[in-house]
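Remarks on the overall topology
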Amino acid sequence: MWVYHDRYHNSALISKLSEDTYQVYKIFISDKQYRFHFQDIKANVEQSLGTSKLYISKNTRYKICINGILYQYSLQQQETGIVIEKIFPIHPGLTAQFVDKLPIFLQDGTVKTYDIIELGESCARGKNFRGCQVFRLPKHIKVIADWSFTDCEFSDDVQFNFSYCSGLEYIGLAAFAHANLSGILIFPDSLIEIGDMAFMETKVQQIISWNGIKKYGKQSFFNCNLLAAIPPFPADAVTEQDTFAGCQFSDMSSLCITDFDKIPIEQFSQIKNPNFCFFVPSALKAKIPNKVLEKFHIVLF
């Protein structure tokens, strides 16, 4: 069962949805199309469709178009929030400011809005967002699932500020891998894990904040050769041996690593700056790989 917002009314703000009695919707059930006015739902009118009646529940899948973006979504089984299954940018040059809430039509005929809490697997994979100068994700999301924005096209100067997603906890496997993603990344303190290959081979130039991260996946920033600067690693952070392999950190002159088991130093051996300096505890001197000793300055403390 699908619910699809009529494309001629896509300028309506979702916050006003419950007040608007003139919205016209299309429903697709078993490939048959039905139209109804929002006021019918608001008045708890049961729509008789042949021998069956219209009941829209948590298992319903919806399509709705708002401000040039078509969402396909459903209510999470626990009924705690919305999961976005597909995203379609349908207007070139749009400002990709995703809505924070979407409507669910309940069995009693009423409408309730729920927070978007997850961008599902491959939801926007390969989509073209060029022309979007602002790219703002839903502020209540907790998960950006695997392959969500893999191979996507973005404007060269778009800034990805995740910090307003104050509950974001996980960015999944290859979520932005190979995407034409450049500029600055700002992560919220709530972010705990960046998955394997999450930003692999993107054009990210700088990371400003990642204070809450505990785990960086395999090759999560692999071959991001334009990545010029990163903030200090959080105290409990753990990376893999190839998390930052191929990164140059051209705007940095030093990096402090206090635990080689958590942050393997050999992953930084491809840095080309011969004056780059590593600050390392004296107790780890014997564990410094020869290829690092021979190429970089080491300051023991």
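What you are looking at is a predicted structure, and each value in this text was computed from that prediction instead of being measured. (Residues numbered from 1 in each chain as written. Predicted model: local features only at pLDDT ≥ 70, side-chain atom pairs only at ≥ 80, totals over all residues. Heavy atoms only, no water.)

1. Brief notes about the overall build of the chain
Condition: Segments assigned H or I by DSSP are reported as helices when at least four residues long, segments assigned E as strands when at least two residues long, and all are numbered from the N terminus. Each residue gets one of three labels from its accessible area relative to the maximum for its type: buried under 20%, exposed over 50%, partly exposed in between, using a 1.4 Å probe on protein chains only. Throughout, a contact is declared for two residues whenever any of their heavy atoms are within 4.5 Å.
Summing up its helical and strand segments, the chain has two helices and 24 strands in all. With 301 residues in all, the chain has 50% of them scored as buried. Put simply, of all contacts in the chain between residues at least 6 apart along the chain, 49% involve residues at least 24 apart.

2. Observations concerning a nonpolar patch on the surface
Let me state the cut-off plainly: In this scheme, patches are assembled from residues that exceed 30% relative accessible area and form no salt bridge. Like charges are connected within 9 Å, while nonpolar side chains (Val, Leu, Ile, Met, Phe, Trp, Tyr) are connected within 5 Å. Here the accessible surface of atoms and residues is derived via Shrake-Rupley with a 1.4 Å probe, and residues count as covered only by protein chains that are part of the display. Within this document, salt bridges are pairs made up of a side-chain nitrogen of Lys or Arg and a carboxyl oxygen of Asp or Glu, the two lying within 4 Å of each other.
Taken together, the side chains of Phe 279, Val 299 and Phe 301 present a nonpolar region at the surface, about 250 Å² in accessible area. With respect to the secondary-structure elements, Phe 279 resides in strand β23 (residues 277-280).

3. A closer look at the sheet that holds strand β20 (residues 203-209)
Rules: DSSP-based pairing: two strands are paired if at least 2 bridges between them are found.
The three strands are arranged β16-β18-β20 in an open sheet whose pairing can be described as parallel. Because the sheet does not close on itself, it has two edges, and the strands there are β16 (160-161) and β20. Note: β16 against strand β18 (residues 182-186), two bridges, orientation parallel. Bridge pairing in β18 links Asn 161 to Ile 186.

4. A few points about the packing of aromatic side chains
To keep things clear, this is the line we draw: Each aromatic pair joins two rings of Phe, Tyr and Trp (for Trp, the six-membered one) with centres within 6.5 Å, and gets the label stacked for planes under 30 degrees apart, edge-to-face for over 60, and tilted for any other angle.
Taken as a whole and assessed by the stated rule, the structure comprises 26 aromatic pairs. Each ring, one from Phe 221 and one from Phe 244, has its centre 5.4 Å from the other, and the planes form 0 degrees; the classification is stacked. Note that Phe 221 is positioned in the loop between β21 (215-216) and β22 (254-256) and Phe 244 in the loop between β21 and β22, a separation of 23 residues in sequence. We note that Phe 221, like Phe 244, is buried. For the ring pair Phe 249 and Phe 268, a centre distance of 6.0 Å and an interplane angle of 50 degrees mean the geometry is tilted. Within this pair, whereas Phe 249 is found in the loop between β21 and β22, its partner Phe 268 is found in the loop between β22 and β23, the two being separated by 19 residues in sequence.

5. Some remarks on the pattern of salt bridges
Tallying each qualifying case throughout the model produces four salt bridges. A salt bridge links Arg 136 to Asp 100, with the nearest nitrogen and oxygen atoms 3.2 Å apart. In this pair, Arg 136 is assigned in strand β13 (residues 135-136) and Asp 100 in the loop between β9 (96-97) and β10 (101-105), connecting sequence segments 36 residues apart. With relative accessibility at 17%, the residue Asp 100 sits in the buried group. Between Lys 101 and Asp 115 there is a salt bridge, and its shortest N-O distance comes to 2.5 Å.

6. What to know about the pairing of strand β24 (residues 297-300)
Inclusion rule: Consider the strands pointing away from the viewer: the crossover is right-handed when the path from the first strand over the helix to the second runs clockwise.
Of the strand pairs in this sheet, β23 and β24 are connected by four bridges, and their pairing is parallel. Pairing of Cys 277 across the sheet is with His 297, part of β24. A crossover connection joins β23 to the parallel β24 through helix α2 (residues 290-295); in handedness this β-α-β unit is right-handed.

7. Brief notes about the nonpolar core
Note the threshold: What is meant by a nonpolar core is a set of buried Ala, Val, Leu, Ile, Met, Phe, Trp, Tyr and Cys residues, joined one to another through side-chain atoms within 4.5 Å.
Ile 144, Phe 149, Phe 187 and Phe 221 are the most contacted members of the largest nonpolar core, which has 74 residues in total. Broken down by element, this core gets its largest block of residues, four residues, from strand β7 (residues 69-75).

8. Quick notes on the side chain of Thr 202
Convention followed: In protein, a polar contact requires one atom able to donate a hydrogen and another able to accept it; more generally it is a pair of N or O atoms within 3.5 Å, and residues adjacent in sequence count only if both atoms are side-chain atoms.
Positionally, Thr 202 belongs in the loop between β19 (193-194) and β20. One polar contact links the side chain of Thr 202 to the main-chain carbonyl oxygen of Phe 199, over a distance of 2.9 Å. In this view, Thr 202 contacts Phe 176, His 178, Ala 179, Leu 181 and Cys 224; residues no more than four positions away in its chain are not counted.

9. Let's talk about the confidence of the model for the chain
What counts, and what does not: How sure the predictor is of each residue is captured by pLDDT, a score from 0 to 100.
Predicted confidence across the chain gives a mean pLDDT of 79, with 75% of residues reaching 70 or more. No element of the chain has a lower mean pLDDT than strand β4 (residues 48-49), which averages 32, and none a higher one than strand β17 (residues 170-171), which averages 98. Low pLDDT, under 50, characterises residues 1-58; the predicted model gives this stretch 116 contacts beyond four residues in sequence or across chains.

10. Side note on the sheet that holds β22
Stated formally: With axes taken as lines fitted to C-alpha atoms, and helix axes fitted only over the stretch in contact, angles between N-to-C directions fall between 0 and 180 degrees.
In space, the three strands of this open sheet follow the order β22-β23-β24, with parallel pairing throughout. Here the strands that pair on one side only, and so sit at the sheet edges, are β22 and β24. Across the sheet, the mean angle separating the axes of adjacent strands is 20 degrees when strand polarity is ignored. When β22 meets β23, the two strands line up parallel, connected through three bridges. Note that in β23 the partner of Cys 256 across the bridge is Phe 279.

11. Quick word on the side chain of Ser 122
By the secondary structure assignment, Ser 122 is in the loop between β11 (111-119) and β12 (128-129). Beyond its immediate chain neighbours, meaning those up to four positions away, Ser 122 contacts Lys 86, Asp 146, Trp 147 and Ser 148.

12. Describing the environment of Asn 211
In this structure, Asn 211 sits in the loop between β20 and β21. Residues within four places of Asn 211 in sequence aside, it is in contact with Asp 189 and Pro 234. In this structure the side chain of Asn 211 is engaged in a polar contact, spanning 3.2 Å, whose partner is the side chain of Asp 189.

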